[in-house]
Amino acid sequence: MDHHEIPDFSEMQDEDDAFGYSLRPETLSEFIGQEQAKEQLRIHIEAAKKRGDALEHVLLVSPPGLGKTTLAKIISNEIQSNFKQAIGPVMERLDLASTLTNLEHTDILFIDEIHGMKGHVQESLYPAMEDYQLDLTLGQGPASDVVQLQLKPFTLVGATTREGLLAGPFRDRFGIRIHLDYYEAEDLQQAIRINSAKLDINIEETAEYALARRSRGTMRIANKLLANVRDYAQVKGDGTLSLEVVEEALEFFGIDERGLNAQDSAYFQTLIEKFNGRAGLKALAVALSEDERTIAEVYEPYYIKEGFLALTPGGRVATDAAYAYFDYPVASQTSLFH
Ligand SMILES: Nc1ncnc2c1ncn2[C@@H]1O[C@H](COP(=O)(O)OP(=O)(O)O)[C@@H](O)[C@H]1O
Ligand SMILES: [Mg+2]
């Protein structure tokens, strides 16, 4: 077998480094909100530990920034096992084979963007997930040989923003499926409070809430907003995050009361003005010069949650609420064009 370099993502830069400090919670009890998901995980982890078994494979599903990577690491911390991570779309069969054969009993293999794994790589995971076995083909053509390797019982933790793109048989091999929902403002406020304390930021309670309400239900955005307004307050004020300074900063950064910005306005302006309120994803992506996946996976889930957008067989449809919010007469949508 050729020597093959295994990509090592374990030292991948953590986004929290923007603060020069990791804000990632490290235990289940530090992980804010998502009570149902935490309880589910707590039970499975405790049971597996009692039996001395590896935890069943876990599939984590949510829009970006809600805590999938954080939870994967927490699972590993709670189990006290090693944590290895990889990115689905760039994995080859040989990478996977060498990663799998190096796992110890109860180790966690975290595969991010698991929906993007190549089909044949996914399939080579099936026996590994089911029986901890790996079929390895050595050599090529008539001289090739298949050897079956026995792996140590491990846990695969997959993360995806697009559960629908996973093959059915693959999805079925995950014993535990966890969906994370957008956070309530109260959860986001709690995170902002805790992180402000960690970062020595002096913030008013009303300012915490103002940031939470504009975080689009997303922890990652709450942390980003906190970082942005902190910079603003340090330059324009004395560093204290009063409600006044925070509101001024948010206005300066172009973020409105629902956390929407210029990009979001452009989306609805295009959908409503160019396409009369109804368009396919491809057409929208071209008109906005944006990546289709980013639109579908990052922006649209929040518009749908806010009731601004409906996905229909005939395309993306701006709702009456979107017309009203972005100041278009609602009548133009319903009576003239539909
Ligand atoms: N429940 C939570 N409590 C506190 N912080 C969280 C929580 N979920 C996510 N975060 C923070 O939000 C950021 C994004 O989380 P991450 O796990 O990277 O999201 P995902 O992998 O789903 O895109 C991280 O910096 C993490 O510290
Ligand atoms: Mg992630």
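Residues numbered from 1 in each chain as written. Chains lettered and ligands numbered in written order. Predicted model: local features only at pLDDT ≥ 70, side-chain atom pairs only at ≥ 80, totals over all residues. Heavy atoms only, no water.

### Focus on the sheet that holds strand E1 (residues 58-61)
Inference 1: An order of E2-E3-E6-E1-E7 is seen for the five strands of this open sheet, with the pairing classed as parallel. Looking at the sheet topology across the chains shown, the edges are occupied by strand E2 (83-87) and strand E7 (176-179). The mean angle between the axes of side-by-side strands here comes to 15°, regardless of whether they run parallel or antiparallel.
Inference 2: Sheet topology note: the E2/strand E3 (residues 108-112) ladder contains five bridges and is parallel. Bridge pairing in E3 links Gln 85 to Phe 110. (Pairing = 2+ DSSP bridges. Helix = DSSP H or I, 4+ residues; strand = E, 2+ residues; numbered from the N terminus. Axes fitted to C-alpha atoms, helices over the stretch in contact; angles between N-to-C directions.)

### Regarding the domain arrangement of the protein chain
Inference 1: Its domain assignment divides the protein chain into domain 1 (15-179), domain 2 (190-252) and domain 3 (262-336).
Inference 2: For domain 1 versus domain 3, the separation of C-alpha centres amounts to 35 Å.
Inference 3: Contact with domain 1, which involves six residues of that partner, is made by four residues of domain 3.
Inference 4: Carbon and sulfur atoms supply 50% of the area that domain 1 and domain 3 bury against each other, a total of about 370 Å² over both sides.
Inference 5: Across the domain 1-domain 3 interface, the total number found is two salt bridges.
Inference 6: Ionic pairing is found between Arg 162 and Glu 297, a salt bridge with its closest N-O pair at 2.7 Å.
Inference 7: Our enumeration of links across domain 1 and domain 3 arrives at two residue pairs in polar contact (both at pLDDT 80 or more).
Inference 8: Grouping the constituent residues of the side of domain 1 that touches domain 3 by class yields two nonpolar, two polar and two charged. (Domains from an automatic or database assignment. Contact = heavy atoms within 4.5 Å. Buried area = accessible area lost by both parts, 1.4 Å probe. Salt bridge = Lys/Arg side-chain N within 4 Å of Asp/Glu carboxyl O. Polar contact = N/O pair within 3.5 Å; in protein donor to acceptor, adjacent residues only side chain to side chain. Nonpolar A, V, L, I, M, F, W, Y, C, P; charged D, E, K, R; others polar.)

### Let's talk about the sheet that holds strand E9 (residues 309-312)
Inference 1: Strand order in the open sheet formed by three strands is E8-E10-E9, and the pairing between neighbours is antiparallel. With one partner strand each, in any of the chains shown, strand E8 (278-279) and E9 form the two edges of the open sheet.
Inference 2: Bridge count between E9 and strand E10 (residues 315-318): four bridges; the pairing is antiparallel. From the neighbouring strand, Thr 312 faces E10, where its bridge partner is Gly 315.
Inference 3: Its contacts with the sheet put helix H12 (residues 292-305) on E9 and E10, and the angle it makes with E9 is roughly 110°.

### Structural notes on helix H6 (residues 185-198)
Inference 1: The terminal C-alpha atoms of H6 lie 20 Å apart, and with 14 residues this matches the ideal 20 Å at 1.5 Å per residue to within 8%.
Inference 2: Among all positions in H6, only Ala 185, Asp 187, Leu 188, Gln 189, Ala 191, Ile 192, Asn 195 and Ser 196 are buried.
Inference 3: For H6, the secondary structure elements touched by its buried residues are helix H7 (205-213) and helix H8 (219-236). (Expected span 1.5 Å × (residues − 1). Buried < 20%, exposed > 50% of the residue type's maximum accessible area, 1.4 Å probe, protein only.)

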